[in-house]
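Architecture and fold: a report
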Amino acid sequence: QLQLVESGGGLVQPGGSLRLSCAASSGTLGYYAIGWFRQAPGKEREGVSCITYGGSITYYVDSVKGRFTISRDNAKNVVYLQMNSLKPEDTAVYYCAAEFKCSLSTGRHWGQGTQVTVSS
């Protein structure tokens, strides 16, 4: 059974950076493609990025291209989301999700989320 835990969120000023981590507290992360999603209050959940299980292919929603980078270290059972040049509109709860194929729409296993707040 796969269980995911997100960490690394916090409060940052516009233009700042954060690195989020998605770790498997049980199960093997390397068996899955991993997506990052976010949801702001009153907004629909949005797929942000995903990475294939081998880490060779990545996808990004247009609004974060050039600013966010997804990567994984299967030996450490962790997936990262490096977020640079953060904007207030990036404020949301960020979730990671495991899926059998890379997806910006769905996930089979979800973490509890980590809050990212971008504000001056």
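It should be noted that the structure appears before, not after, this text.
A brief look at the structure comes next. (Residues numbered from 1 in each chain as written. Predicted model: local features only at pLDDT ≥ 70, side-chain atom pairs only at ≥ 80, totals over all residues. Heavy atoms only, no water.)

**Thoughts on the overall build of the protein**
Within the protein, the secondary structure is distributed over zero helices and 11 strands. Considered along the principal axes of its C-alpha atoms, the protein spans approximately 40 × 25 × 25 Å. In the protein, which comprises 120 residues, the share counted as buried stands at 42%. Counting every atom, the protein has about 6200 Å² of accessible surface; 47% of that belongs to carbon and sulfur. When the 11 positive and 8 negative side-chain charges of the protein are each reduced to one mean point, those points stand 4 Å apart. (Helix = DSSP H or I, 4+ residues; strand = E, 2+ residues; numbered from the N terminus. Buried < 20%, exposed > 50% of the residue type's maximum accessible area, 1.4 Å probe, protein only. Areas by Shrake-Rupley, 256 points an atom, 1.4 Å probe, with all protein chains shown as cover. Lys, Arg positive; Asp, Glu negative; His and termini not counted. Charge placed at Lys NZ, Arg CZ, Asp CG, Glu CD.)

**Things to note about the state of the cysteines**
All chains considered together, the criterion is met by two disulfides. Two residues, Cys22 and Cys96, share a disulfide whose sulfurs are 2.1 Å apart. Disulfide Cys22-Cys96: torsion about the S-S bond near 75 degrees, hence right-handed. Taken together, the residues span a long stretch of sequence, with Cys22 in strand S3 (residues 18-26) and Cys96 in strand S9 (residues 92-99) at a distance of 74 residues. In this pair, the class of Cys22 matches that of Cys96, namely buried. Between Cys50 and Cys102 runs a disulfide, and the two sulfur atoms are separated by 2.1 Å. Between Cys50 and Cys102 the sulfur-sulfur dihedral comes to about 120 degrees; the bridge is accordingly right-handed. In this pair, Cys50 sits in strand S5 (residues 46-51) while Cys102 sits in the loop between S9 and strand S10 (109-110), placing the two residues 52 residues apart along the sequence. The buried category is assigned to Cys50, whose relative accessible area is 2%. Residue Cys102 is classed as partly exposed on the basis of its relative accessible area of 24%. Numbered in order of appearance, the disulfide-bonded cysteines of the protein are paired 1-3, 2-4. (Disulfide = S-S within 2.5 Å.)

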